[in-house]
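Here's the letter readout for the chains.
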Amino acid sequence: MFSNYLIGLREGLEASLVVCILIAYLVKTGRRDAIRPIWTGIGIAVAIALGFGCALEFGSQELTFEAQEALGGSLSIVAVGLVTWMVFWMRRTARHLKSELHGKLDAALQMGTAALVATAFLAVGREGLETALFVWASVHAASDGTPRPLIGVALGLATAVFLGWLFYRGALKINLAKFFTWTGGMLVVVAAGVLAYGFHDLQEADWVPGLTNQAFDISDTIPPDSWYGTLLKGVFNFQPDPTVLQVTVWLLYLVPTLALFLSPLGFGSGPRKPAQPSPAVREKA
């Protein structure tokens with residue numbers, strides 16, 4: 001449940017901040033007349049994301065077991081790829097998100113109502129589709145026959161909307177760079193579990209071999225139905241009897257991805273210092 005709460009919070013807050021930045025800029029510049037097209041674009045984006053999520057959930061129920069596992073495994077891999085790209089992109093651009101959105105909004109204001117709707121739709125729609133896909137994959141991986149995964153997502157989204165409202169009202173100051181770094185790192189850990197479970201789905205669909213080749217089995221030590229087993233599954237998508245392929249995929253994704261994500265290289269921690277002149281140059285000066 002916690003992993004799904006984290007997904008809802010992280011993705012929902014990103015979308016909420018985008019909405020707050022757009023609306024606040026229009027209010028600040030005296031263009032309240034443009035707020036309605038912005039909300040129209042946001043509404044369309046949310047409706048499409050919900051429709052996409054419903055299509056994944058109800059459409060997959062009409063498939064055979066093997067087809068469901070193949071679809072779930074394939075989409076889990078796609079979702080992890082998208083989320084990985086997203087957390088790296090947000091880590092790099094969080095400091096400049098506001099100025100980037102302001103520039104797009106200025107251009108849309110000059111082009112008219114349709115451009116405003118399109119700007120809001122594109123700004124929120126991408127987040128919505130990514131969230132719907134990753135939430136579906138995560139809930140599918142952590143499903144335990146209870147509504148707890150969906151409740152976790154709903155609580156995360158509700159928290160994100162509330163924090164976004166506080167941010168808009170000026171009652172909350174958020175260091176976006178640090179927030180997206182820490183939550184992005186935790187999301188990489190969640191994504192590793194989703195990826196491993198996705199490959200397990202492909203094994204059950206008989207698309208990938210090795211279903212009976214277990215790496216270990218600690219079900220007696222950590223029973224899946226125990227409170228701590230449920231907690232580990234809910235947070236990390238932990239499985240007490242994974243296959244060798246699951247463990248291999250989990251390690252090959254988590255270790256290099258997390259190390260690269262947390263590394264300061266390539267993210268630009270600050271302006272570079274000007275190069276110092278050589279001793280020969282200083283002597284001539």
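Residues numbered from 1 in each chain as written. Predicted model: local features only at pLDDT ≥ 70, side-chain atom pairs only at ≥ 80, totals over all residues. Heavy atoms only, no water.

## Here we look at the overall build of the chain
Link 1 in the chain: A tally of helices and strands in the chain yields 10 helices and zero strands.
Link 2 in the chain: Taken from N to C terminus, the helices and strands of the chain fall in the order α-α-α-α-α-α-α-α-α-α.
Link 3 in the chain: The proportion of buried residues among the 285 residues of the chain is 45%. (Helix = DSSP H or I, 4+ residues; strand = E, 2+ residues; numbered from the N terminus. Buried < 20%, exposed > 50% of the residue type's maximum accessible area, 1.4 Å probe, protein only.)

## Quick notes on the environment of Ala 215
Link 1 in the chain: Mapped onto the elements of the fold, Ala 215 is located in the loop between α7 (176-204) and α8 (227-236).
Link 2 in the chain: In the structure, Ala 215 is positioned 32 residues away from Val 247 in sequence and 7.2 Å away in space, judged by C-alpha atoms.
Link 3 in the chain: The residues contacting Ala 215, other than those within four sequence positions of it, are Pro 242, Thr 243, Val 244 and Val 247. (Contact = heavy atoms within 4.5 Å.)

## So, the nonpolar core
Link 1 in the chain: Judged by nonpolar contacts, the single largest core of 29 residues is most densely connected at Val 80, Val 87, Phe 134, Leu 187 and Tyr 253.
Link 2 in the chain: It is α7 that contributes the most residues to this core, eight residues altogether.
Link 3 in the chain: Formed by 21 residues, the second largest nonpolar core is a distinct cluster that contains Leu 26, Leu 105, Ala 108 and Ala 123. (Core = buried A, V, L, I, M, F, W, Y, C linked by side-chain atoms within 4.5 Å.)

## A few points about the packing of aromatic side chains
Centre-to-centre distance and the angle between the planes together describe a pair of aromatic rings.
Link 1 in the chain: Here the structure, examined in full by the defined rule, presents two aromatic pairs.
Link 2 in the chain: Ring centres 5.4 Å apart and planes at 90° place the aromatic pair Phe 88 and Phe 261 in the edge-to-face group. Of this pair, Phe 88 sits in helix α3 (residues 65-93) while Phe 261 sits in helix α9 (residues 244-262); the two residues are 173 residues apart in sequence, bridging distant segments of the chain. The same class applies to Phe 88 as to Phe 261, namely buried.
Link 3 in the chain: A ring pair is formed by Phe 162 and Trp 165, whose centres lie 6.4 Å apart and whose planes are at 25°; its orientation type is stacked. (Phe/Tyr/Trp six-rings, centres within 6.5 Å; stacked < 30°, edge-to-face > 60°.)

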